[in-house]
Amino acid sequence: MSMKISVIIKKLSNPRIRRRLKIGLSVYGAVIMIGLLFKVVYDIGYFNAQSVKDDKNAEQLITHQVLTMEAAQRIVSGALKEDPMNPKTIVVQIIDNNQKLSSIIIENNQQRKIAWIIDMRLFFTNDLFNYEGYNLTEGIEHQHNINRGDH
């Protein structure tokens, strides 16, 4: 073992070998430094991009709209072109408060009906059927004991 170490020391004492070793170690060190520099630049860019993404997500509204009696009354009055201060058709109850499809009970001339509000802006009073053909309007009328005027 000591013989091998002495051979290595003798070879390293040669100026040509030393110069090649210095050049090799310098190139190897430069490659490591460039790699570390790329890694740091990538991390900084990634974290900046992530913070911009997080800021955009924070700006978006997460709250879901909830249909209130006042909002439902405004939608109904606007759709029926009634005076909002003195409407003829009054929202009595909100049955299903869903953001996409809300069912409400309206009253006009002592007659109650089931009405629907879609996406917090569209209003209609006709029958609504699900994908299986079940009449949702009749089901809610039966559930809330509302008699139809057309039967």
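Because the structure is a prediction, the values reported are computed rather than measured. (Residues numbered from 1 in each chain as written. Predicted model: local features only at pLDDT ≥ 70, side-chain atom pairs only at ≥ 80, totals over all residues. Heavy atoms only, no water.)

## Overview of the sheet that holds strand β2 (residues 101-108)
- Within the open sheet, the four strands sit side by side as β1-β2-β3-β4. Their pairing is antiparallel. On the outer flanks of this sheet lie β1 (90-96) and β4 (122-124), each paired with one strand and no other. Direction aside, the axes of adjacent strands within the sheet are offset by 30 degrees on average.
- Pairing of β2 with strand β3 (residues 111-118) involves eight bridges; the strand directions are antiparallel. Residue pairing in the sheet places Leu-101 in a bridge with Ile-118 of β3.
- Sitting on the sheet, helix α4 (residues 136-143) is in contact with β1, β2 and β3, with an inclination near 135 degrees to β3. (Pairing = 2+ DSSP bridges. Helix = DSSP H or I, 4+ residues; strand = E, 2+ residues; numbered from the N terminus. Axes fitted to C-alpha atoms, helices over the stretch in contact; angles between N-to-C directions. Contact = heavy atoms within 4.5 Å.)

## Quick word on the environment of Asp-127
- Looking at the secondary structure, you find Asp-127 in the loop between β4 and α4.
- Relative accessible area serves as the criterion here: at 30%, Asp-127 is assigned to the partly exposed category.
- As a C-alpha pair, Asp-127 and Ala-79 span 48 residues in sequence and 17 Å in three-dimensional space. (Buried < 20%, exposed > 50% of the residue type's maximum accessible area, 1.4 Å probe, protein only.)

## Topic: the pattern of salt bridges
- Scanning the model with the defined rule gives three salt bridges in all.
- Between Asp-119 and Lys-100 there is a salt bridge, with the nearest N and O atoms lying 3.8 Å from each other. Linking Asp-119 in the loop between β3 and β4 with Lys-100 in the loop between β1 and β2, this pair joins segments that are 19 residues apart in sequence. (Salt bridge = Lys/Arg side-chain N within 4 Å of Asp/Glu carboxyl O.)

## Overview of the pairing of β3
- Two successive antiparallel strands, β2 and β3, enclose a turn made up of two residues, where Asn-109 displays a positive phi of approximately 55 degrees.
- Where β3 lies against β4, three bridges are found, and the strand directions are antiparallel. Looking at β4, one finds that Ile-118 is bridged to Leu-122.
- Linking two consecutive strands that pair antiparallel, namely β3 and β4, is a turn of three residues; a positive phi of about 50 degrees is found at Asp-119 within it.

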